[in-house]
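# Residue-level structural notes
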Amino acid sequence: MSLLEFRNVSFENGGNAIIDNISLSIESGDYISVIGPSGSGKSTLLKLCSHLISPTSGSIVYKEKNFIDYDPTKLRKSIAYCFQTPYLFGDTVIENIRFPFSIRNLRIDQKRINELFTMFYIPADYLNKDVKILSGGEKQRIALIRTLLFKPEILLLDEVTSALDSENTKNVEEAIVSLNREGTTVLWVTHNLEQSRKFANKLLTIEGGKIKSLEVLR
Amino acid sequence: MNASNSISISSLLIASSLVLVTLFFSYWQKLKLEKEIIISVIRAVIQLVAVGYVLEYIFGLQNPLFITLLLIFMAFNAAYNASKRGKGIKNGLMISFVSIAVGTIVTLVILIFSKAIQYEAYQIIPVGGMIISNSMVALGLCYKQMASDFKNKREEVETKLSLGADILPSSIEIIRDSIKTGMLPTIDSAKTLGIVSLPGMMTGLILAGTSPVEAIKYQIMVTFMLLSTTSISSFIACYFSYKGFFNSRKQLNYLK
């Protein structure tokens with residue numbers, strides 16, 4: 001059974017087809033690497049998955065129910081999206097960590113925060129750090145932690161290791177692999193060909209808004 | 001100068017020589033503004049004479065219904081102007097009218113109940129005019145800020161939406177920023193009152209012969225009422241208008 005399914009999905013903006021009649025089935029537990037040249041529609045594909053935009057034609061089905069039959073906020077809580085350029089809001093790290101709890105009217109779960117800080121090698125005292133003084137890599141890891149505070153069913157990652165050094169890239173890859181093993185479905189857009197084949201079970205290549213190939217790796 | 005005396009026509013004619021000074025500078029410096037200066041002066045005189053007679057007629061009317069209709073007319077015009085500033089704001093005219101009307105009603109009711117003013121044309125029309133025009137300027141600033149924030153802070157809003165936030169928590173920083181922008185000029189001018197400027201109302205009262213100490217009381221009332229109106233109007237307008245930047249699927253609309 002498909003967890004997420006694209007049925008003849010197109011997305012046009014200003015007359016240009018950015019996604020052109022894509023049909024795709026994502027199974028539960030999949031780890032799909034998405035590759036393709038710049039401007040091929042990879043990020044738009046992730047935005048469609050997270051329902052930040054809607055297809056201009058076709059439909060997206062999640063757990064056998066059309067996206068438009070879900071409450072958008074509930075849907076986005078199950079399908080988490082980590083952007084290519086991490087955006088940390090407010091003044092300090094804690095404001096970013098508190099946000100996912102406050103929108104659910106929940107108290108902060110310190111245990112879960114510590115768990116993720118350890119997983120992504122962020123020191124515990126970073127909670128009160130000013131977001132402006134963080135490095136690009138630190139910002140990206142905090143953004144990942146913010147996305148993962150509540151385990152999503154599907155995790156969408158858009159070039160999240162592009163600002164990281166090799167050591168931190170390895171740490172993030174390990175963390176994502178372990179989340180995938182625990183049952184999170186992963187859709188990871190990357191430019192790194194080696195990375196795309198390392199852990200994924202499928203490799204999706206997009207070109208000109210169309211699926212060029214979908215290779216089963218393992 | 002005996003302030004309580006009215007200005008005579010001959011005094012006005014002599015004062016009109018000041019226009020010649022402006023014309024002289026324009027001619028001397030080749031600013032090519034002579035024609036515009038003459039037209040603007042003629043227009044100002046005709047408009048002011050006309051409004052003087054209209055106001056004299058209106059102030060003579062004691063019908064509360066007529067005063068109310070006039071206030072509604074003023075609020076509608078102000079709402080129309082404010083909504084023109086808010087390109088991208090859906091239902092801008094309606095939102096502006098409601099915001100200005102509520103701000104004006106609340107402020108006027110407090111002023112009337114505190115017996116600071118009475119519901120009579122000669123008091124309500126000028127005071128209402130000040131309130132409404134101040135709200136109009138505040139709303140224009142709010143809308144401009146909001147439209148530019150939704151364009152420039154798209155990333156922030158979409159990040160919050162993608163975390164599963166509803167549109168209000170995703171836009172709250174923009175809403176606060178816009179309300180602040182609407183209110184700041186009134187707060188700033190309140191801070192510098194008496195130091196940088198003697199405002200129009202106070203100057204007018206002093207010229208009309210009221211003692212400065214008495215005129216200050218009116219100015220304090222005006223300051224309070226403008227602060228109250230801008231905050232109420234900006235708050236209502238921003239909380240109503242942010243929703244227009246999203247579609248029914250809680251997605252941020254594309255702004256041109």
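Residues numbered from 1 in each chain as written. Chains lettered and ligands numbered in written order. Predicted model: local features only at pLDDT ≥ 70, side-chain atom pairs only at ≥ 80, totals over all residues.

### Structural notes on the overall build of chain A
A tally of helices and strands in chain A yields 7 helices and 10 strands. A compact globule built from 218 residues would reach a C-alpha radius of gyration of about 17 Å, and chain A, at 17 Å, matches this within 12%. Dimensions of chain A along its principal axes, counting C-alpha atoms only, are 50 × 40 × 35 Å. Put simply, chain A has 218 residues, and 37% of those count as buried. Taking as baseline every contact in chain A between residues at least 6 positions apart, the subset at least 24 positions apart corresponds to 72%. (Helix = DSSP H or I, 4+ residues; strand = E, 2+ residues; numbered from the N terminus. Rg over C-alpha atoms; globule rule 2.2 N^0.38 Å. Buried ≥ 20, exposed ≤ 12 C-beta atoms within 10 Å, placed from the backbone. Contact = placed C-beta atoms within 7 Å.)

### Structural notes on the sheet that holds strand 1 (residues 2-13) of chain A
Residues and elements named next belong to chain A. Strand order in the open sheet formed by 4 strands is 2-1-4-5, and the pairing between neighbours is antiparallel. The open sheet has two free edges, formed respectively by strand 2 (16-27) and strand 5 (65-66), since each of these has just one partner strand. Note: strand 1 against strand 2, 8 bridges, orientation antiparallel. When the bridges of strand 2 are listed, Phe11 appears paired with Ile19. (Pairing = 2+ DSSP bridges.)

### Let's talk about the interface of chain B and chain A
Counting from both sides, the interface comprises 14 residues of chain B and, opposite them, 18 residues of chain A. Looking at which element gives the most residues to the side of chain B that touches chain A, the answer is helix 7 (residues 154-162) of chain B, with 6 residues. A class-by-class count of the residues in the side of chain B that touches chain A yields 4 nonpolar, 4 polar and 6 charged. (Nonpolar A, V, L, I, M, F, W, Y, C, P; charged D, E, K, R; others polar.)

### Notes on the domain arrangement of chain B
Here chain B is described as being made up of domain 1 (8-60) and domain 2 (62-245). The straight-line distance from the C-alpha centre of domain 1 of chain B to that of domain 2 of chain B is 30 Å. (Domains from an automatic or database assignment.)

### Details of the sheet that holds strand 7 (residues 154-158) of chain A
Residues and elements named next belong to chain A. Taken in spatial order, the 6 strands make up an open sheet running 6-7-8-3-9-10, and their pairing is mixed. Pairing within the sheet leaves two strands with one partner each, and these edge strands are strand 6 (79-82) and strand 10 (210-216). Sheet twist, expressed as the mean angle between neighbouring strand axes with direction ignored, is 15°. Of the pairings in the sheet, the one linking strand 3 (residues 31-35) to strand 8 (residues 185-189) comprises 4 bridges and is parallel in character. Paired with Tyr31 across the bridge in strand 8 is Val186. (Axes fitted to C-alpha atoms, helices over the stretch in contact; angles between N-to-C directions.)

### Here we look at the confidence of the model for chain B
Residue and element names in this part refer to chain B. Chain-level pLDDT for chain B is 89 on average; 96% of the residues reach the 70-or-more range. Between the elements of chain B, mean pLDDT differs from a low of 80, seen in helix 9 (residues 200-207), to a high of 96, seen in helix 7. Predicted complex, confidence summary: ipTM 0.94, pTM 0.85. (pLDDT = per-residue confidence, 0-100.)

### Focus on the nonpolar core
For soluble globular proteins, nonpolar side chains are generally found buried alongside one another. With 97 residues, the main nonpolar core has Val34, Cys82, Ile145, Leu156 and Leu187 of chain A together with Ile100 and Cys142 of chain B as its most contacted residues. Sort the elements by how many residues they give to this core and helix 6 (residues 121-152) of chain B lands first, with 14 residues. Excluding residues within four positions of it along the chain, Leu156 of chain A makes contact with Leu46, Cys49, Ser50, Ile79, Ala80, Tyr81, Cys82 and Leu187 of chain A. (Core = buried A, V, L, I, M, F, W, Y, C linked by C-beta atoms within 7 Å.)

### A few points about the pairing of strand 8 of chain A
Residues and elements named next belong to chain A. With 5 of 5 residues buried, strand 8 is to be regarded as a mostly interior element. Burial along strand 8 is two-sided: the face carrying Thr185, Leu187 and Val189 and the face carrying Val186 and Trp188 are both buried. For strand 7 and strand 8, the ladder comprises 5 bridges, and the chain directions are parallel. Within strand 8, the residue paired with Ile154 across the bridge is Thr185. For the handedness criterion, the β-α-β arrangement of strand 7, helix 6 (residues 166-181) and strand 8 is classed as right-handed. (Right-handed = clockwise from strand over helix to strand, strands pointing away.)

### Re the pairing of strand 10 of chain A
All names here are of chain A. In terms of strand pairing, strand 9 (residues 202-207) meets strand 10 through 6 bridges, oriented antiparallel. Each bridged residue has a counterpart across the sheet, and for Leu203 the counterpart in strand 10 is Glu215. Where strand 9 hands over to strand 10, the hairpin turn is made up of 2 residues, of which Gly208 adopts a positive phi near 55°.

### Some details on the packing of helix 3 (residues 93-102) of chain A against helix 5 (residues 136-148) of chain A
Residue and element names in this part refer to chain A. At their nearest, the axes of helix 3 and helix 5 sit 8 Å apart, and the two run at 20° to each other. The pairing of helix 3 with helix 5 is recorded here as roughly parallel in orientation. Here helix 3 runs over helix 5; the crossing is right-handed. Between helix 3, through Val93, Asn96, Ile97, Phe99 and Pro100, and helix 5, the contact on the second element is made entirely by Ile142, Ile145 and Arg146. For the contact of helix 3 with helix 5, the class distribution of residues is 6 nonpolar, 1 polar and 1 charged. (Parallel < 35°, antiparallel > 145°, perpendicular 65-115°, else oblique. Left-handed = near helix turned anticlockwise from the far one by under 90°.)

### Examining unusual backbone geometry
One non-glycine residue with positive phi stands out, namely Asn21 of chain A, at about 55°. Backbone geometry at Glu159 of chain A places phi at a positive 45°, although glycine is not the residue there.

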